[in-house]
Amino acid sequence: MRILLVEDDELIGSGVEFALRQAGYAVDWARDGRQAELALATHRYALVVLDLGLPVRSGGDLLKALRDAGNDVPVLVLTARGTIADRVRGLDAGADDYLGKPFDLTELLARCRALVRRSQGRSAESIAWRNLSVDLLAQSVTRDDTRVSLTSREWAVLTQLITHQGIPQSRTDLEESLYGWQEEIESNAIEVHVSKLRKKLGADLITTVRGIGYVIEKP
Ligand code: CA
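Definitions and cut-offs
Residues numbered from 1 in each chain as written. Predicted model: local features only at pLDDT ≥ 70, side-chain atom pairs only at ≥ 80, totals over all residues. Heavy atoms only, no water. Pairing = 2+ DSSP bridges. Helix = DSSP H or I, 4+ residues; strand = E, 2+ residues; numbered from the N terminus. Axes fitted to C-alpha atoms, helices over the stretch in contact; angles between N-to-C directions. Contact = heavy atoms within 4.5 Å. Salt bridge = Lys/Arg side-chain N within 4 Å of Asp/Glu carboxyl O. Buried < 20%, exposed > 50% of the residue type's maximum accessible area, 1.4 Å probe, protein only.

Draft legend 1. Molecular detail of the sheet that holds strand E6 (residues 126-129). Across the sheet, which stays open at both edges, the 4 strands sit in the order E6-E7-E8-E9 with antiparallel pairing between neighbours. Unpaired on one side and paired on the other, E6 and strand E9 (146-148) mark the two borders of the sheet. On average, each strand axis in the sheet is tilted by 25° relative to the strand beside it, whichever way the strands run. Pairing analysis gives 4 bridges linking E6 to strand E7 (residues 132-135), with the strands arranged antiparallel. Within E7, the residue paired with Trp129 across the bridge is Leu132. This element, helix H6 (residues 152-162), spans E6, E7 and strand E8 (140-143) of the sheet and lies at about 105° to E7.

Right, dumping it as structure tokens:
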């Protein structure tokens with residue numbers, strides 16, 4: 001899953017980026033409102049973590065423009081402005097949740113998970129699929145109660161597919177869930193990961209949708 005982090009403070013930004021990557025997300029980090037706007041126009045994100053006080057264009061402006069354009073990506077707002085009036089304003093502008101600085105990274109991660117879960121219509125961090133049990137929080141998967149070990153990239157592909165059951169994911173969707181801006185994409189990476197996942201978790205897990213990409217059907 002890919003997250004857009006919008007934060008101009010280097011220290012806070014690098015802490016959040018590190019924590020999100022550790023938690024298995026691909027992260028793009030925009031340092032100002034314009035960069036964020038560009039990123040949002042060109043990529044699909046599972047979540048946006050948005051600082052309100054930004055150079056070039058404020059987070060509030062950005063959020064309003066996003067919602068006016070009909071983009072309903074979940075947005076977690078970060079801000080030092082912690083008064084109730086500010087919080088209400090942020091939520092009214094279309095934020096899905098709100099975290100005042102300073103915040104604890106574990107709380108940030110929990111709120112990110114909750115927002116992503118809600119947007120995917122899930123109520124829990126574990127997903128059962130036939131003989132598989134996928135725990136998104138522990139990043140572990142068991143097949144017939146036996147733990148299967150996956151690489152971080154296999155895990156990212158599996159997560160993208162299993163949280164969008166019945167909705168085919170294009171190669172681009174899958175690549176975007178895997179990589180941040182700085183990373184290079186190997187041309188056949190997705191095919192390789194899918195084939196490994198089929199080998200490890202069962203040939204019937206992932207269906208190829210010709211001309212589109214891949215899907216995990218609803219069990
Ligand atoms: Ca700021």
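Draft legend 2. Up close: the sheet that holds strand E11 (residues 207-209). Taken in spatial order, the 3 strands of this open sheet run E10-E12-E11, and their pairing is antiparallel. In this open sheet, the two edge strands, each paired with only one partner strand, are strand E10 (169-170) and E11. Here E10 pairs with strand E12 (residues 213-215) via 2 bridges, running antiparallel. What sits directly across from Ser170, in E12, is Gly213. Sheet strands in contact with helix H8 (residues 189-201) are E11 and E12, and its direction is about 25° off that of E12.

Draft legend 3. Local environment of the pattern of salt bridges. Counted according to the given criterion, the structure contains 17 salt bridges. The closest approach of N and O atoms between Asp173 and Arg44, which form a salt bridge, is 3.2 Å. In this pair, Asp173 sits in helix H7 (residues 171-178) while Arg44 sits in the loop between helix H2 (33-42) and strand E3 (47-51), placing the two residues 129 residues apart along the sequence. With relative accessibility at 17%, the residue Asp173 sits in the buried group. A salt bridge links Asp68 to Lys64; the nearest nitrogen and oxygen atoms lie 2.9 Å apart. Pair noted here: Asp68 and Lys64 are both in helix H3 (residues 59-68), with a separation of 4 residues, about one helical turn. Looking at Lys64, the relative accessible area reads 49%, which means it is partly exposed.

By themselves, these figures tell us nothing about what the structure is for.
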